[in-house]
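# Residue-level structure breakdown
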2 protein chains.
Amino acid sequence: MNNDLKITYPGSERVYIGGKLHPKIKVSMRRVTQMPTVTIKDGERHESENPSIYIYDTSGAYGDQSVEVDLERGLPPLRREWIEERRGQDAHNVGQMYYAKRGIITPEMEYVAIRENMNCKELGIESHITPEFVCREVAEGRAVIPANVNHPEAEPMIIGRSFLTKINANIGSSATTSSIDEEVEKAIWSCKWGADTIMDLSTGANIHETREWILRNSPVPIGTVPIYEAMERVAGKAEDLTWEIYRDVLIEQCEQGVDYFTIHCGIRLKNVMLAADRLTGIVSRGGSIISKWCQTHQKESFLYEHFDDICDIAARYDVALSLGDGLRPGSIYDANDRAQFAELDTMGELVERAWAKNVQVFIEGPGHVPMHKIRENMERQVEKCHNAPFYTLGPLVTDIAPGYDHITSAIGAAQIGWYGTAMLCYVTPKEHLALPNKEDVREGVVAFKLAAHAADLAKQHPGAMVRDNAMSKARYEFRWKDQFNLSLDPERALEYYKTSNNVGGRYCTMCGPNFCAMRISHTLCEE
Amino acid sequence: MNNDLKITYPGSERVYIGGKLHPKIKVSMRRVTQMPTVTIKDGERHESENPSIYIYDTSGAYGDQSVEVDLERGLPPLRREWIEERRGQDAHNVGQMYYAKRGIITPEMEYVAIRENMNCKELGIESHITPEFVCREVAEGRAVIPANVNHPEAEPMIIGRSFLTKINANIGSSATTSSIDEEVEKAIWSCKWGADTIMDLSTGANIHETREWILRNSPVPIGTVPIYEAMERVAGKAEDLTWEIYRDVLIEQCEQGVDYFTIHCGIRLKNVMLAADRLTGIVSRGGSIISKWCQTHQKESFLYEHFDDICDIAARYDVALSLGDGLRPGSIYDANDRAQFAELDTMGELVERAWAKNVQVFIEGPGHVPMHKIRENMERQVEKCHNAPFYTLGPLVTDIAPGYDHITSAIGAAQIGWYGTAMLCYVTPKEHLALPNKEDVREGVVAFKLAAHAADLAKQHPGAMVRDNAMSKARYEFRWKDQFNLSLDPERALEYYKTSNNVGGRYCTMCGPNFCAMRISHTLCEE
């Protein structure tokens, strides 16, 4: 295992902000220091300071140069003490929703409130996000803090439409490719570029061990699709699955520390055949497995039948449930069809059953959807699922661009994020073609970070524009290094710039020295 | 000069469709032949045919393997005969709008009507796009066919909201980099990937010669920004520009065959200072030059003052005018501000003056705009500019992703295209950083092709979904080669696929053989 995995960002330092209600919490953030603005007036040089910019930081201990990281030992268990304290006070429940409903603000809630408000206090921007607000949103199911008590290594984060739009990166080995090392490396790499959660979609051998390595070394919540492991236990025969096998997998994964499970419990026997007249049938792996099971046994699926049992297990560990859209459309043609919406109706029923057991829940969404049909997805989800957060895969707005599906899906993701989707599952350039390598993961994460940020701007999230404004001011003042440092991918920005420039010039090769609009624009203001 | 520039697409052949009103026209298209669908039932193999799919083809003679291309000689002058015939009949005017107002359907109009209707006739899809419809749209200024009489090499295409969304690729040398060879190669390369027009934004030396090479070898219309060449003639001193210098440049470029000019005639003296309180001032090169000129001389610009003279020149050659948005916002902060909208109002006045002289005209738009402010741009443009087509640069929906601005802008472009923008100016990954190389041009063109196509799907353009549906059916049936052949970038799709697959498998490494949702889904339908 490669232990040299420290993460650095240029011009940046790790800072921690303390809590008020919970003085022991230290919320990690990245602070970018800017150069001053230099002007020459009457031959004299004047400098005016530019403020430091705070950036939401998902790199955990990897991004703190003072902490030694050892993959064999795992990350420091940030939340262990908080969890143990709560257990000491109230053995009855350990879940965020349980406390939220009682108006108790947990350290996790205060942590995310601070984390969401980057730059607000420093720049005097008003924000609706207080610990009390977080508590209410969690109590009413409008937001989720996925935080298994057995994953104390993860830093708290929140998924909900009133908060920053989050992104998830999928990693995981399949039967034919990739090793544990590679997957752990991809997990850390995803955090470097800004993934807010990671789903480990491993199949094949070593599924348990791969997950263990990822969990112990991940500073962000981890999601899984437990049916994949259950399938391994029945040698890939969907019809041999039973509730007992599945339950054992669930409990094992809860014990390991998985923070949220995708459960394809929205597929009803009566709805399976709704997908029969589709162009691309069922494209969700879990969905196809459950549909197959229902059809073979001519019974409701054990996921639907045992949903309350699943909730009871989840509640014990505070694992969140992500109701999987097994019938999501896999093509533009199939978007917004009966099968998809029938499943959404079922998910709406189940949301309330989860909440009754204090289980946090969010809803997965499509898929492939042309732009004019995206809004309907969001509006129906809100209506049918009682404001539980929405978590979509893209959606991809056309089918004809394999090799560029990080872009087709970023287009849909930005839009649906603006409409209120709380978390966007990334898509890499290799979607539909092959498993992503490290560079593909970077492309996918950054494409979705920018889509999520575009959504935050459009939602007018407090403070979201601060970074854009700083970037633009740096651009106008030819502070190139600040531009790189403030960008989502400083390494790439600098690399591209260097292809034809010397850092520090008051123009770039796009226009050349005589035609720089910004330079000319400056002379206008100076006169 | 490298003459080995033939363009091939896998599984494809060039076909020509003849006209009815004008039997001499041959509209070029690409036809992709698909494999049959193979099913095994009761041990027997059944085949059913899949239709050929027609694809809008911008590769001109380069894509026709039977035509020899010689860069020194230039492309065959497709439209020469049509133009000469018209001149013989009516020396008075040579312009598409002139004929359209008289209800005369030119060969160009029939050509674009056929070109826009790919797959419609073959698959029985109804389309509103007839030669008569094209003629009306051009007559009323809602669509533009940019077609300088001195650029007979270009294949006719149409820009208007009722038609397929078009994309433009910018190329051009600057003072510091790139040669003529490279720029001609980029022009042809842009056509390969699907650019509908090309803007030659060259500055520096060799500006005239570079343009000549591009024009003679370009199968798509060419646009320029004449002020750049005028600036060369005054050694880069904006204040030394005069109408006479500019006029001479215009006439020279008209003679050469430029199909449309960006003219920054919307900047009024009274509006120059509206940009003073901006975060990023003026970011349009032309806009900054004209603003500087206005401020220095304290006069209305010669472009505004001589707009009628400009129209008279353009009308003689049927050059279209693209009213440049010199005050477009260069940052999220500056979006939709007074300066921007004041210029739009001025452009609205000028549109009607252009139409009075039978000059085709479209309007350039931003720029940097957060998603929630995009729609206002489109709605205002339609209202103020009397339905003249809109042509936008992106817009970029965030400022913080240099190195990925082809994506930030494709997000905005897809949306504004859906709202009705007729042409989208591409942005490459090097935007804000450096001049694009060939690979950047490919990335930018494909990103914008997919954004434009997503807009066409959302607008429900007749036949737009045919290609998506064919792709999705091929996907569901594991016809991998058809997927590659139907994709926007077959080379990349195949290359990515090969990183971990053997072509022909009934699964891919994304899921592995045991977990392929589509394969399981097939077994559902078979039972």
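The structure reproduced in this document is the subject of the present report. Just so it is clear, the structure is predicted and the values come from calculations on it, not from any experiment. Within every chain, residues take consecutive numbers counted from 1 along the sequence as written. The order in which chains are written sets their letters, starting at A; the order in which ligands are written sets their numbers, starting at 1. Reporting in this predicted model follows two pLDDT cut-offs: at least 70 for local features of residues, and 80 or more for side-chain atom pairs to be given and counted; totals over whole chains, interfaces and linings ignore these cut-offs and use all residues. Side-chain metrics rest on all non-hydrogen atoms present in the structure, leaving aside hydrogens and water.

## What about the overall build of chain A?
Spelled out, the test is: A run of H or I in DSSP counts as a helix once it spans at least four residues, and a run of E counts as a strand once it spans at least two, with each numbered from the N terminus. Only the C-alpha atoms count toward the radius of gyration. The rule for a globule is 2.2 Å times the residue count to the power 0.38. Burial status follows relative accessibility: with a 1.4 Å probe on protein chains alone, a residue under 20% of its type maximum counts as buried, one over 50% as exposed, and anything between as partly exposed. Here, two residues are considered to be in contact whenever any of their heavy atoms come within 4.5 Å of each other. Under the convention used here, a 1.4 Å probe and the Shrake-Rupley method define accessible areas, while residue burial counts only the protein chains that appear.
Each helix and strand in chain A was counted, giving 21 helices and 15 strands. For 527 residues, the compact-globule estimate of 2.2 N^0.38 gives 24 Å, and the C-alpha radius of gyration of chain A, at 24 Å, lies within 12% of that figure. With the C-alpha coordinates aligned to their principal axes, the bounding extent of chain A is approximately 85 × 55 × 45 Å. Burial statistics for chain A: of 527 residues in total, 69% are counted as buried. Considering only contacts in chain A between residues 6 or more positions apart, those separated by 24 or more positions represent 72%. Just so you have it, chain A exposes about 17,400 Å², and 48% of that area is on carbon and sulfur atoms.

## Examining the sheet that holds strand β15 (residues 423-425) of chain B
Residue and element names in this part refer to chain B. Our working definition: Only when DSSP finds a minimum of two bridges between them are two strands counted as paired. For helices, the axis comes from a line fit to the C-alpha atoms of the stretch in contact; other axes are also lines fit to C-alpha atoms, and the angle between any two N-to-C directions lies between 0 and 180 degrees.
With parallel pairing, eight strands are arranged side by side around a closed barrel as β8-β9-β10-β11-β12-β13-β14-β15. This sheet shows a mean twist of 25° between the axes of neighbouring strands, independent of strand direction. Judged from the three bridges that link them, strand β13 (residues 361-365) and strand β14 (residues 390-393) form a sheet pairing that is parallel. If you follow I363 over to β14, its bridge partner there is F390. On the sheet, helix α13 (residues 338-356) packs against β12 (320-323) and β13 and is oriented at approximately 165° with respect to β13.

## Describing the pattern of salt bridges
It is possible for side chains of opposite charge to pair when their charged atoms get near one another. As a reminder of what qualifies: Definition used for salt bridges: Asp or Glu carboxyl oxygen within 4 Å of a side-chain nitrogen of Lys or Arg.
A complete count under the given rule lists 71 salt bridges over all chains for this structure. Ionic pairing is found between D248(B) and R247(B), a salt bridge with its closest N-O pair at 3.3 Å. Overall, D248(B) belongs to the partly exposed group, its relative accessible area being 36%. Assessed through its relative accessible area of 29%, R247(B) is described here as partly exposed. Residue R442(B) is joined to D489(B) by a salt bridge in which the shortest nitrogen-to-oxygen separation is 2.9 Å. Taken together, the positions of R442(B) in helix α16 (residues 438-459) and D489(B) in the loop between α18 (480-486) and α19 (490-498) put the pair 47 residues apart, joining distant regions of the chain. For R442(B), a relative accessible area of 7% gives the class buried. A single network of salt bridges, built from pairs that share partners, joins E439(A), R442(A), E443(A), D489(A) and R492(A).

## Regarding the sheet that holds strand β1 (residues 12-18) of chain B
Residue and element names in this part refer to chain B. Spatially, three strands are ordered β1-β2-β5 in an open sheet, and the strand pairing comes out antiparallel. Of all strands in the sheet, those bounded by a partner on one side alone are β1 and β5 (53-56). The mean angle between the axes of side-by-side strands here comes to 45°, regardless of whether they run parallel or antiparallel. Helix α3 (residues 107-116) rests against β1, β2 (26-32) and β5 of the sheet, and its axis sits at about 10° to β2.

## Examining helix α17 (residues 438-459) of chain A
All names here are of chain A. For the record, the criterion: An expected span of 1.5 Å times one less than the residue number is assigned to each helix. In protein, a polar contact means a hydrogen-donor-capable atom and an acceptor-capable atom, both N or O and within 3.5 Å, with residues adjacent in sequence counting only if both atoms are side-chain atoms; elsewhere, any N or O pair within 3.5 Å suffices.
The first and last C-alpha atoms of α17 sit 31 Å apart over 22 residues, in line with the 32 Å expected at 1.5 Å per residue. When you tally the buried positions in α17, you get 19 out of 22 residues, the bulk of the element. Sitting at the head of α17, N437 places a side-chain oxygen 3.1 Å from the backbone nitrogen of E439. Looking at the residues trailing α17, positive phi occurs at Q460, about 60°.

## Structural notes on the nonpolar core
What counts is decided by this rule: For our purposes a nonpolar core is just a set of buried Ala, Val, Leu, Ile, Met, Phe, Trp, Tyr and Cys residues, chained together by side-chain atoms within 4.5 Å.
One finds L321(A) and L321(B) to be the most contacted residues of the largest nonpolar core, which totals 321 residues. Apart from the residues lying within four places of it in its own chain, the contact partners of L321(B) are F261(B), I263(B), F307(B), I310(B), C311(B), A314(B), V359(B), Q360(B), V361(B) and F362(B). Y476(A), F484(A), C516(A) and V283(B) belong to the second-largest nonpolar core, a separate cluster that totals 11 residues.

## Points about the relation of the copies chain A and chain B
Keep this limit in mind: Least-squares superposition of the copies uses the C-alpha atoms of those residues scoring a pLDDT of at least 70 in each of them.
Between chain A and chain B, which share one sequence, the superposing operator has a rotation angle of 180° and an axial displacement of 0.0 Å; the RMSD is 0.0 Å. As the rotation angle and translation indicate, the two copies are arranged about a two-fold axis. Relative to the rotation axis, the C-alpha of I411(A) is the closest in chain A, positioned 2.3 Å from it. Most of the interface of chain A is mirrored in chain B: 100% of its interface residues are interface residues there too.

## Topic: the packing of helix α9 (residues 243-256) of chain A against helix α13 (residues 307-317) of chain A
Between two packed helices, the angle of one axis relative to the other and the distance separating the axes together describe the packing. Residue and element names in this part refer to chain A. Where we set the bar: Here is the rule for angles: anything less than 35 degrees is roughly parallel, anything more than 145 is roughly antiparallel, 65 through 115 is roughly perpendicular, and the remaining ranges are oblique. Crossing chirality is assigned from the near helix's rotation relative to the far helix, an anticlockwise turn below a right angle marking it left-handed and a clockwise turn marking it right-handed.
Between α9 and α13, the shortest axis-to-axis distance is 10 Å and the interhelical angle comes to 15°. Accordingly, the angle class assigned to the pair α9 and α13 is roughly parallel. Here α9 and α13 pass one another in a crossing that is right-handed. Residues W243, Y246, R247, L250, I251, C254 and E255 of α9 form the contact with α13, whose participating residues are D309, I310, I313, R316 and Y317.

## Some points on the packing of aromatic side chains
Aromatic rings in a pair are described by how distant their centres are and how their planes are angled relative to each other. Residues and elements named next belong to chain A. Note the threshold: Note on aromatic contacts: the rings of Phe and Tyr and the six-membered ring of Trp form a pair at centre separations within 6.5 Å, being stacked when their planes are under 30 degrees apart, edge-to-face when over 60 apart, and tilted otherwise.
Enumeration according to the criterion identifies 28 aromatic pairs over all chains in this entry. Ring centres 4.2 Å apart and planes at 40° place the aromatic pair W480 and Y497 in the tilted group. With W480 in helix α19 (residues 480-486) and Y497 in helix α20 (residues 490-498), this pair connects stretches of sequence that are 17 residues apart. By relative accessible area, which is 0% here, Y497 ends up buried. Through a chain of ring-to-ring contacts, the aromatic side chains of W243, Y246, W293 and F302 assemble into a single cluster.

## With respect to the interface of chain A and chain B
Put simply, the rule is: Defined here as a combined quantity, buried area equals the accessible surface (1.4 Å probe) lost by two parts on assembly, summed across both. The residue classification treats Ala, Val, Leu, Ile, Met, Phe, Trp, Tyr, Cys and Pro as nonpolar and Asp, Glu, Lys and Arg as charged. All others, Gly included, are polar.
Across the boundary between the two partners, chain A contributes 98 residues, which contact 98 residues of chain B. Where chain A abuts chain B, roughly 8,700 Å² becomes buried across the two surfaces, and 70% of that area is made up of carbon and sulfur atoms. Linking chain A with chain B are zero salt bridges, by the criterion used here. For the side of chain A that touches chain B, the elements supplying multiple residues, two or more each, are α8 (226-233), α11 (285-297), α16 (405-419), α17, α18 (465-476), α19, α20 and α21 (517-526) of chain A. Per-element tally for the side of chain A that touches chain B: the top contributor is α17(A), with 11 residues. Looking at the side of chain A that touches chain B residue by residue, the class counts come to 52 nonpolar, 30 polar and 16 charged.

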